[in-house]
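Coordinates in review
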Amino acid sequence: MQPLIDHARSFGRRPEDFASLAQGQSPQGPGVWGYPPEKHSVTCSDSRVVPALITGARPGELFELRTAGNIVPPYVFGRPTSEAATVEYAVDVLGVTEIVVCGHSHCGAVGALVRGEDLTAVPAVRDWLAQAGTPSETPDDDPAVAEAVQNHVLAQLLRLRAYPCVRRALTAGQLRLHGWYYEVHTGAVRAHSPDTDSFEAL
């Protein structure tokens, strides 16, 4: 813990670097993502996946939603969730024009689903992962569960399309959705290509 505390102490020693952030946020990362500005990222809570580090985004440039297994729960009208509120705020208030759903290799959540692990000891985790559905079968000896994670990313993109704010923005041509796959053991990032229906190197 001490290294984290030491860094936090030194982080704010140049307040002039952060003064403009008090005026609000307009998540942008020109050139960072390779797409137009205004970015929103949906990714896993896994400590090995750090969107700002991967993309080089600075404070105020990337609006993030992190969930266990980067799961986007089904949208249910009249049943507010933190995830739905975050997506709605990103699209309707901040006006993000790009949403990236980023899964990663060696994902414990997807691995547990693929292997059918007994999660009765962690009922909250079990019930949360139940919302993800079952990824396509991947051999148990694949530690990266790459194919399953990539299919999982595509399933979450379909979930996002059902959110009213996302559906409106897509219909109006004001929003694009992207699926990424991050390899924690190499640092490589692959993006889903609709043309080939595969994840290709950026």
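Residues numbered from 1 in each chain as written. Predicted model: local features only at pLDDT ≥ 70, side-chain atom pairs only at ≥ 80, totals over all residues. Heavy atoms only, no water.

1. Some points on the overall build of the protein
- A count of helical and extended segments in the protein gives seven helices and six strands.
- Walking the protein from its N terminus toward its C terminus, one meets helices and strands in the order α-β-α-β-α-β-α-α-α-α-β-β-β.
- Of all 202 residues assigned to the protein, the portion counted as buried reaches 39%.
- A total accessible area of about 11,000 Å² is found for the protein, and carbon and sulfur atoms account for 55% of it. (Helix = DSSP H or I, 4+ residues; strand = E, 2+ residues; numbered from the N terminus. Buried < 20%, exposed > 50% of the residue type's maximum accessible area, 1.4 Å probe, protein only. Areas by Shrake-Rupley, 256 points an atom, 1.4 Å probe, with all protein chains shown as cover.)

2. Observations concerning unusual backbone geometry
- In this structure, asparagine 70 is a non-glycine residue whose phi angle is positive, near 40 degrees.
- Residue placement: asparagine 70 occurs in the loop between strand S2 (63–67) and helix H3 (82–93).
- Residue class for asparagine 70 comes out buried when judged on its relative accessible area of 1%.
- Backbone geometry places valine 145, a non-glycine residue, at a positive phi of 40 degrees.
- Its location among the elements puts valine 145 in the loop between helix H5 (123–129) and helix H6 (146–161).

3. Examining the layout of surface pockets
- As a volume, the largest pocket reaches approximately 270 Å³.
- Taken together, 12 residues line the largest pocket, and the ones lying closest to its centre are Leu177, His178, Gly179, His192 and Pro194.
- Those elements that place two or more of their residues in the lining of the largest pocket are H6, strand S4 (176–182) and strand S5 (189–193).
- Among the residues forming the lining of the largest pocket, the class breakdown is seven nonpolar, four polar and one charged. (1 Å grid on protein atoms, 1.4 Å probe; cavity = no way out; pocket = protein on both sides within 12 Å on 5 of 7 lines; lining within 4 Å. Points joined across faces, edges and corners; volume = space filled by probe spheres on them. Nonpolar A, V, L, I, M, F, W, Y, C, P; charged D, E, K, R; others polar.)

4. A look at the pattern of salt bridges
- By the definition in use, this model includes five salt bridges.
- Between arginine 176 and glutamate 98 there is a salt bridge; the shortest N-O distance is 3.3 Å. Residue arginine 176 is located in strand S4, and its partner glutamate 98 is located in strand S3 (residues 98–104); the two are separated by 78 residues in the primary sequence.
- The class of glutamate 98 is buried, set by a relative accessible area of 3%.
- A salt bridge links aspartate 127 to arginine 126; the shortest N-O distance between them is 3.0 Å.
- With a relative accessible area of 34%, arginine 126 lands in the partly exposed category. (Salt bridge = Lys/Arg side-chain N within 4 Å of Asp/Glu carboxyl O.)

5. Focus: the side chain of threonine 86
- Take threonine 86: it is sitting in helix H3.
- Take threonine 86: its relative accessible area is 16%, and that puts it in the buried class.
- At 2.8 Å, the side chain of threonine 86 and the backbone oxygen of serine 82 are in polar contact. (Polar contact = N/O pair within 3.5 Å; in protein donor to acceptor, adjacent residues only side chain to side chain.)

6. A short note on the packing of aromatic side chains
- Counting across every chain of the model gives two aromatic pairs.
- Relative to tyrosine 89, the ring of phenylalanine 63 has its centre 6.0 Å away and its plane inclined at 35 degrees; by these criteria the two rings are tilted. Of this pair, phenylalanine 63 sits in strand S2 while tyrosine 89 is found in helix H3, placing the two residues 26 residues apart along the sequence.
- Judged by relative accessible area, which is 38%, tyrosine 89 ranks as partly exposed. (Phe/Tyr/Trp six-rings, centres within 6.5 Å; stacked < 30°, edge-to-face > 60°.)

7. Concerning the pairing of strand S6 (residues 198–201)
- Bridging between S5 and S6 involves four bridges; their strand directions are antiparallel. Of the residues in S6, the one forming a bridge with arginine 190 is alanine 201.
- As consecutive antiparallel partners, S5 and S6 are separated by four residues, and within that stretch aspartate 197 has a phi angle of approximately 55 degrees, a positive value. (Pairing = 2+ DSSP bridges.)

8. Description of the state of the cysteines
- One pass over the full model with this rule turns up zero disulfides.
- With no disulfide of its own, cysteine 44 lies 4.7 Å from the sulfur of cysteine 107, the closest cysteine sulfur.
- Relative accessible area serves as the criterion here: at 3%, cysteine 107 is assigned to the buried category. (Disulfide = S-S within 2.5 Å.)

Keep in mind that these numbers describe shape and distance, not what the molecule does.
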